[in-house]
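Architecture at a glance
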Amino acid sequence: MKKLVIVGGVAGGASAAARARRLDESLEITVFERGRYISYANCGLPYHLSGTIPSRDSLLLMTPELFNQRFRVKIHTAHLVTSLNPDRHTVSVRNLDTGEEFQEHYDKLILSPGSSPILPPIPGVDDPDVCVLWTIPDMDAIKGRIKSGRSAVVVGGGFIGVEVAENLAEAGVKTTLIEMKNTILPHLDDEMTVPLEKALVKGGVNLRTSRAVKAFRRDTKGLVAELDTGEELPVDFAVISAGVKPNGELARGTGIEVTRGGALVVNRRMETTVKDIYAVGDAVQVTDPVTGNMVSVPLAGPANRQGRIAAENALGGNSVYKGTYGTSIVKVFHLAAGGTGASEKTLLENGIEYRKLYIHPASHASYYPGGACMTIKLLFDPCGKILGMQAVGEDGVDKRIDVVAAALGNDLTVEDLQELELSYAPPFGSAKDAVNYAGFVAGNILSGLTSQVYPDELPSDAFLLDVREKEETASGSIPGSTLIPLGELRDRLDELPKDREIVIYCAVGIRGYAAERILKQRGYQAANLSGGFASWSMFQQTGQYRNAEDTLREGVSAPASHFESCRYTGD
Ligand code: FAD
């Protein structure tokens, strides 16, 4: 092979170019990028809006000159690849500055054209004050509209929309976030978003879920967003973040298989269906190893790793991409949230049998200052195979997601999680780390030591037993429950029915499990509420923090936050 051509010069494309050069000094490598920037930090764009990343230049990781100096790669920015001609092994290119058109020959071609933000087909979406955040010029355009006291609407509560809303609010912009669904961040299960929605509202974002923008119009005062509820929001500008579509159109009609949604079909070597053409990144569809489905997962990690693999294979290697688990994390003010593998809703949609648990462990030893409670939800199959995990909290969330992601990617089971030897000193974790602890609870579920009940499935005829201390009930109780603190339980057994299921709860599930074991060994039908009162609160609060203005107007008072309740005890 003499010449490698790459389409797209950011995450996947730049990775492929750098890897190819490291493997072969003699290769001619040419990259065509239609934009003016290469290898920039698109994931950092939202944080420049608030000034959290103060320097715009720090987002520009590479210039074409520097890339060429370091890797001897010819980078042509402002060059659009207009068509692929596999029969002739050429691509057609247009210089966007001069209008010149030419053909470029390749021996191997790697496509990394990314994806594009979806603009909902609604009137007024082409207004100059309706923006997207996708590229450096997009960021500049939004940044130029930011002034303290101005107002904006962000349309779409996915991770980019949430990041944009947070950063606009931090920049002093009066920000409304509109999400069509009941909760934000659709890759998370609904109850896991509760603390995040609360954080958005507390951070000053007017969160309005279960609503859609149906049009933008101009009136004498400026831009108005019309909602499907009939409400009208006068704003200075809007940012649309309503999902992305893969940029696979370039390959249509070339023999490369393209899905109806525009994603490029590749095999595990990142080869398209046409010889000598590889594709990577947001533009391709990949296997979800948990469901077996073909999916498009627009994330930077997969794009970078696929770029390396495609380069290796284009140069005669035999590297394999195993699939994308969708491991991700997002910051929402003081909280972090994310996960790996399938969510519960995905498992349900795909008819995959699962078990689940909630725990609310401290991020590090409770006696060392600065720890915070987190919530972990673990999903696994009846044989203990890990299917997915989600976590939310103030501290240590990234570490737990990544440990479980590594376990998931290597086919470990929940029993293996019990055995993981993880780093520990009081400022960083606990001798039994949160991940070990999730493994212990899962093991207890699978061995039948505990029967878990979930807040949304409380049996209506069950006897509800609260084993917390009396003072803890100040943060709320499940209606209809009877309080018998764990320490008194053995002496007050005669207050419990033998002919009804007893559902036990404490603050986060640990004392509930101890009580369950006491009762089961004495012949009672007992089950433990998974994650205790903290989990129950999350389910109760699902949707509570939407529509902040309504919540305030109607005086809805939410129960204490689940983080407050789990911080309260030594559970
Ligand atoms: P890109 O990096 O988008 O590169 C594709 C390039 O191809 C583009 O520059 C485009 O101009 C060029 N191109 C397209 N068609 C042509 C053509 N015909 N001719 C020439 N050039 C062409 N992911 C995470 O994992 N974590 C995050 O926190 C995160 N945050 C993000 C925040 C924002 C605001 C954005 C926009 C994305 C974020 N992502 C994040 C997603 C991540 O950036 C993408 O998944 C990743 O960049 C995809 O890499 P790619 O190479 O497929 O596409």
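Described in the following lines is the structure provided in the data block.

Definitions and cut-offs
Every chain's residues receive numbers from 1 upward, in the order its sequence appears when written. In keeping with the predicted nature of the model, local features appear solely for residues at pLDDT of at least 70, side-chain atom pairs appear and are counted solely at 80 or more, and the whole-chain, interface and lining totals rest on all residues. Each side-chain value is worked out from all heavy atoms of the structure, with water and hydrogens disregarded. Residue burial is assigned from relative accessible area. The probe radius is 1.4 Å, only protein chains are included, and a residue is buried under 20% of its type maximum, exposed over 50%, and partly exposed in between. Numbering of helices and strands runs from the N terminus; a helix is a DSSP stretch of H or I covering at least four residues, while a strand is a stretch of E covering at least two. Summarising the geometry, the arc corresponds to the directions from the helix axis toward the C-beta atoms. By the convention used here, residues are in contact when the closest approach between their heavy atoms is within 4.5 Å. Proximity is defined per residue: any heavy atom of the residue falling within 4 Å of a molecule or strand makes that residue near it. Counting of polar contacts relies on pairs of N or O atoms within 3.5 Å, with two restrictions inside protein: one atom must be capable of donating a hydrogen and the other of accepting it, and residues adjacent in sequence are counted only when both atoms are side-chain atoms. To measure how exposed things are, a 1.4 Å probe is used in the Shrake-Rupley method; for residues, cover is taken only from the protein chains shown. Counted as salt bridges are all cases of a side-chain nitrogen of Lys or Arg within 4 Å of a carboxyl oxygen of Asp or Glu.

Looking only at helix α4 (residues 136–143), the buried set comprises Ile136, Asp138, Met139 and Ile142. Taken end-on, α4 shows its buried residues confined to a sector of 155°, consistent with a single buried face. On its buried face, α4 is in contact with α2 (45–50), β9 (130–132), α5 (159–170) and β16 (237–240).

Let us look at the environment of Gly371. Within the secondary structure layout, Gly371 lies in the loop between β24 (355–359) and β25 (374–380). Assessed through its relative accessible area of 34%, Gly371 is described here as partly exposed. If we ignore the near neighbours within four places in the chain, the residues touching Gly371 are Ser363 and His364.

Take helix α3 (residues 64–71) next. Residues that lie three or four places apart on an α-helix share one face, since the helix turns once every 3.6 residues. Within α3 the residues assigned to the buried category are Pro64, Phe67 and Phe71. For α3, the arc enclosing every buried residue in end-on projection is 65°, short of the 170-degree limit, so these residues lie on one face. Exposed and facing more than 90 degrees away from the buried side of α3 are Glu65, Gln69 and Arg70. In this structure, the buried side of α3 is in contact with α1 (11–23) and β3 (74–76). Directly beyond the C-terminal end of α3, a positive phi value near 50° is found at Arg72.

Around the ligand, the structure places 28 residues, and the nearest of them are Gly12, Glu33, Ser112, Asp282 and Ala300. In this structure, Glu33 approaches the ligand through a side-chain N or O atom, which is 2.7 Å from an oxygen atom. Between the ligand and the protein, one listed contact pairs an oxygen atom with a backbone N or O atom of Pro298 at 3.5 Å. Summarising the interface, the protein chains cover 91% of the accessible area of the ligand, which totals 1,000 Å² for the free molecule.

The subject of this paragraph is the pattern of salt bridges. A side chain with one charge can pair with a side chain of the opposite charge if their charged atoms come near. The tally for this structure, following the rule as stated, stands at 31 salt bridges. The partner of Glu495 in a salt bridge is Arg492, with the nearest N and O atoms 2.8 Å apart. Since its relative accessible area comes to 40%, Glu495 is described here as partly exposed. Among the residues examined, Arg492 registers a relative accessible area of 23% and is labelled partly exposed. Through salt bridges that share partners, Asp189, Glu191, Glu344, Lys356 and Lys377 make up one connected network.

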